[in-house]
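Read off the chains here:
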Number of protein chains: 2
Amino acid sequence: MPPPTTDLARRLASTESVLTEDARFGFDELQLAFRNRGMLLEALGYDITPTGMHFLLTHFDVPQIDAGKWRLDVGGLFAQKFALPLAELRKLPQKTLTVTMECAGNGRALLNPRPVGQPWINEAVSTARWTGVPLATLLRRAGLRPTASEIVFWGADSGIERGDEHTYARSLKVADAMREEVLLALDMNGAPLEPQHGAPLRLIVPGWYGMASVKWIRRIEAVERPFEGHQQAHNYHYRQTPDAPGVPVTHIRVRALIQPPGIADFVSRARVLDAGRVRLFGRAWSGAGVPVTHVDVAINGEWRPAELAVQVGGYAWRAWSCEWDAQPGEYQLSCRATDAHGEIQPLEQWWNRSGMGNNRVQKVAVLVR
Amino acid sequence: MPPPTTDLARRLASTESVLTEDARFGFDELQLAFRNRGMLLEALGYDITPTGMHFLLTHFDVPQIDAGKWRLDVGGLFAQKFALPLAELRKLPQKTLTVTMECAGNGRALLNPRPVGQPWINEAVSTARWTGVPLATLLRRAGLRPTASEIVFWGADSGIERGDEHTYARSLKVADAMREEVLLALDMNGAPLEPQHGAPLRLIVPGWYGMASVKWIRRIEAVERPFEGHQQAHNYHYRQTPDAPGVPVTHIRVRALIQPPGIADFVSRARVLDAGRVRLFGRAWSGAGVPVTHVDVAINGEWRPAELAVQVGGYAWRAWSCEWDAQPGEYQLSCRATDAHGEIQPLEQWWNRSGMGNNRVQKVAVLVR
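Predicted, not measured: the structure shown is a model, and the values here were computed from it. (Residues numbered from 1 in each chain as written. Chains lettered and ligands numbered in written order. Predicted model: local features only at pLDDT ≥ 70, side-chain atom pairs only at ≥ 80, totals over all residues.)

**Student:** Can you lay out the interface of chain B and chain A for me, pointing to particular residues and giving the numbers?
**Tutor:** Counting from both sides, the interface comprises 61 residues of chain B and, opposite them, 61 residues of chain A. Where the side of chain B that touches chain A is concerned, the elements lending two or more residues are α1 (7-13), α2 (27-35), β5 (150-161) and β14 (263-265) of chain B. In terms of residues, the side of chain B that touches chain A owes the most to one element, α2 of chain B, which gives seven residues. In the sheet, strand β14 (residues 263-265) of chain A pairs with β5 of chain B via two bridges, with the strands oriented parallel. For D265 of chain A, the partnering residue across the bridge sits in β5 of chain B and is I160 of chain B. (Contact = placed C-beta atoms within 7 Å. Helix = DSSP H or I, 4+ residues; strand = E, 2+ residues; numbered from the N terminus. Pairing = 2+ DSSP bridges.)

**Student:** Now, about the relation of the copies chain B and chain A: what can you tell me, with residues and values included?
**Tutor:** Superposing chain B onto chain A takes a rotation of 180 degrees plus a shift of 0.0 Å along the axis, which leaves an RMSD of 0.0 Å. The superposition of one copy onto the other is thereby described by a two-fold rotation axis. Among all residues of chain B, the minimum C-alpha distance to the rotation axis is found for G52 of chain B, at 2.1 Å. (Least-squares fit on C-alpha atoms with pLDDT ≥ 70 in both.)

**Student:** So, unusual backbone geometry: which residues are in play, and what are the values?
**Tutor:** Residues and elements named next belong to chain A. Of note, the bond from N112 into P113 is cis; its omega dihedral lies within 30 degrees of zero at -5 degrees. With a phi angle near 50 degrees, R162 is a residue other than glycine that sits in the positive phi range. Within the fold, R162 resides in the loop between β5 (150-161) and β6 (164-173). In this model, R269 sits at a positive phi of 60 degrees, which is unusual for a non-glycine residue. By the secondary structure assignment, R269 is in the loop between β14 and β15 (271-273).

**Student:** Tell me about helix α4 (residues 135-142) of chain B, and please be specific about residues and values.
**Tutor:** Residue and element names in this part refer to chain B. Residues L135, L138, L139 and A142 constitute the buried set of α4. Looking straight down α4, one finds its buried side chains confined to an arc of 100 degrees; they lie on one side. Those residues of α4 that are buried are in contact with β1 (71-76), β4 (125-134), β5, α5 (174-177) and β7 (183-188). Just past α4, the residue G143 takes up positive phi, approximately 75 degrees. (Buried ≥ 20, exposed ≤ 12 C-beta atoms within 10 Å, placed from the backbone. Arc of directions from axis to C-beta.)

**Student:** For the domain arrangement of chain A, give the residues involved together with the corresponding values.
**Tutor:** One widely used convention gives an interface's size as the accessible area the parts lose upon coming together. Residues and elements named next belong to chain A. Domain boundaries assigned for chain A yield domain 1 (7-23 + 253-368) and domain 2 (29-248). Look at where the C-alpha atoms of domain 1 and domain 2 centre, and you get two points 28 Å apart. Residue composition of the side of domain 1 that touches domain 2, by class: ten nonpolar, 13 polar and three charged. (Domains from an automatic or database assignment. Nonpolar A, V, L, I, M, F, W, Y, C, P; charged D, E, K, R; others polar.)

**Student:** Run through the environment of D47 of chain B, naming residues and quoting values.
**Tutor:** Residues and elements named next belong to chain B. Turning to its location among the elements, D47 is positioned in the loop between α2 and β1. Classification of D47 as partly exposed rests on a count of 14 C-beta atoms within 10 Å. Each C-alpha atom, one on D47 and one on L273, is 24 Å from the other, the two residues being 226 residues apart in sequence.

**Student:** Got a sec to walk through α2 of chain B? Specific residues and values, please.
**Tutor:** Burial analysis of α2 of chain B places seven of its nine residues in the buried class, which makes it a mostly covered element. Turning to α2 of chain B, its buried residues are D28, E29, L30, L32, A33, F34 and R35 of chain B. Taken together, the buried residues of α2 of chain B touch α2 (27-35) of chain A.

**Student:** Go over the pairing of strand β17 (residues 292-299) of chain B, please, and point to the residues and values.
**Tutor:** All names here are of chain B. Where β17 meets strand β21 (residues 329-339), seven bridges bridge the pair, whose relative direction is antiparallel. Within β21, the residue paired with V297 across the bridge is C335. Note that β17 and strand β18 (residues 302-305) share four bridges and pair antiparallel. The residue of β18 that forms the bridge with A298 is W303. If you look at the hairpin formed by β17 and β18, you'll find two residues sitting between the two strands, and N300 has a positive phi there, around 50 degrees.

**Student:** Break down the environment of M188 of chain A for me, with residues and values.
**Tutor:** Residue and element names in this part refer to chain A. Along the polypeptide, M188 turns up in strand β7 (residues 183-188). With 23 C-beta atoms packed within 10 Å, M188 lands in the buried category. Residues M188 and L97, 91 residues apart in the sequence, show an inter-C-alpha distance of 9.9 Å. Among residues more than four places away in sequence, those in contact with M188 are T51, A128, W130, L193 and H197.

**Student:** Lay out the sheet that holds strand β13 (residues 255-258) of chain A with the relevant residues and their values.
**Tutor:** Residues and elements named next belong to chain A. Taken in spatial order, the four strands of this open sheet run β13-β16-β20-β19, and their pairing is antiparallel. Lying at the two open borders of the sheet, with one neighbouring strand each, are β13 and β19 (307-311). Between one strand axis and the next, the sheet turns by 25 degrees as a mean value, whatever way the strands run. Judged from the four bridges that link them, β13 and strand β16 (residues 276-285) form a sheet pairing that is antiparallel. When the bridges of β16 are listed, I258 appears paired with G282. (Axes fitted to C-alpha atoms, helices over the stretch in contact; angles between N-to-C directions.)

**Student:** An account of the nonpolar core is requested, with residue identities and associated values reported.
**Tutor:** Core analysis: the biggest nonpolar cluster contains 213 residues, and L183 and V295 of chain A together with L183 and V295 of chain B have the highest contact counts within it. Here L183 of chain B is in contact with K95, L97, W130, G132, V133, P134, L135 and I204 of chain B, once residues within four sequence places are set aside. (Core = buried A, V, L, I, M, F, W, Y, C linked by C-beta atoms within 7 Å.)

**Student:** Describe the sheet that holds strand β20 (residues 318-326) of chain B, naming the residues involved and giving the relevant values.
**Tutor:** Residues and elements named next belong to chain B. The antiparallel open sheet is built from four strands, whose spatial order is β13-β16-β20-β19. Only two strands of the sheet have a single partner each, and these edge strands are β13 (255-258) and β19 (307-311). Strand-to-strand twist of the sheet, defined as the mean angle between neighbouring strand axes without regard to direction, takes the value 25 degrees.

As structure tokens, this is what we get:
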């Protein structure tokens, strides 16, 4: 390693553990960071994120459900109301989709001022193969009535959020619920769902932020009027002021991430790279099934285009790479994706009160030696 | 919910997200909290922790290893030196053990002053069923020479820690390495190891803190003199001053945890419970295969004995439970385990420079309504 002449090099060479001067996160945020798991960024190397490395956001407690006793309750504005055991659901035709899922709050910890909540940095994204029953199949079998405007999905998890006690539930408008890619998923990456991913049954809404993919579904209800539950009508809105009605959060906004090159420093996660030709690698994605069309990479602010690989699936991320002849020095790396709708990641933060949908470009500091 | 008359009740009733006044964790610590995953405390409800809920501590990056090309290199003071492909290892006799593993740094974030490092609260413990080849089988086949004093286990992960660049490696004295419960594990909970848990091969040293259970093993080496690698000779020591030689961290110290009762508040993780009879539940464990013999539970400082269930295995935790007639009010719950050696958890912190082995009793705040 070179002699420590800069801040980055000094931190890398430090043999002492000291409290950082910029300490600013609260105990509540630390607890949330432990519970809610980001994907390790080196896992950008996998087309399909290994199950145990998939990011996780759990509002309350993961419920421990006896799958043998569990029933899916289908009710409300249907011609038929019924309760389906798991074995019956498994008999229906299944479909498998590769889906990149991202938490709507990804990037929140980097906002200034920072909304308190799950303090994601950049890592709340992953890709999995979900297998299950197309939701439309079930809705058709149950005979959805024309008076229904929304389908509500009730989870088995309850708790308190911002002073409001409730069961986690979200709705989809009928047109969105009938889309062919929306699944009632039983399996993830070829195995039954693990408890923390929604066992025995979860919704998967490809192209939407993760809050729509309700876990531990217990009841599906067709209703006439828009659902007003906390997680639908209050949380997950873009708002600038507390009393604004806000705009509901729906599709994933375009984003790219770099797999951090070189080796890591344990405490700071700073990166050290040997000089020479290196292939920078990462993934890019956008919501609503819109493909990513460009990724640009910046090395100390100089942008260059990256090469794009084939997309893993219509709702999945796309690998990109870019050659770099790295010379000794300190660098800041960034990447920036553009999708087929012409949406491009912002260079500055896009602030809103709950810190939702912040797709500002990632910055990775690298010391080349 | 009762009217907000106390701090806890006020926090639960808060509709606003505000920066907590006691903000004190640095960005580095937040990053570490994201990478290194605790077990969700509600998972204390499972005898065997679901694979994706098992705690994880990764010093550097999780290496992406091609299992088809991987070989276990066996060298040093052996009569035979060889490189074994995975298929050959799978042909050797296998053994399955249920093991409770804990990170040596569990509880670090609660220390005062706080050593900077992975800021675990209480959640760095889990139990899994590990299947693999007893290490002694391999050492005997290779013909361990009598001049060997230690066996060194080299991982595939390299990085920088406290200014020192190295590959993660740890050693065991020959007598410890030959113990029948030490495994070269290929499977976890009945499936091949996932990358983050050490695929394709990891060491499992039951009864020891997790640092001994080296992941991503690439080479096993028998040596004459004590191994002086960073993670063996510098890190993982109990020390009061930076220059003290210190005492190596080895066995897990006795500890108990409560599965937090009632429902959770999303941001603060505070608990709310309905008044009435409730069965408090948790797990207790100790290292070196020493069984837990007592667990006591405190409700606002009044201690009472808990009932112990049968231990899941010789190196696994033991469930405990205790009836509580919960009346409205605010409570602090604690539990405290004692093992067959008479070791008991301290009520006050047991401070050391790196924040290792801190098994102070857990405190859970509960509002009964």
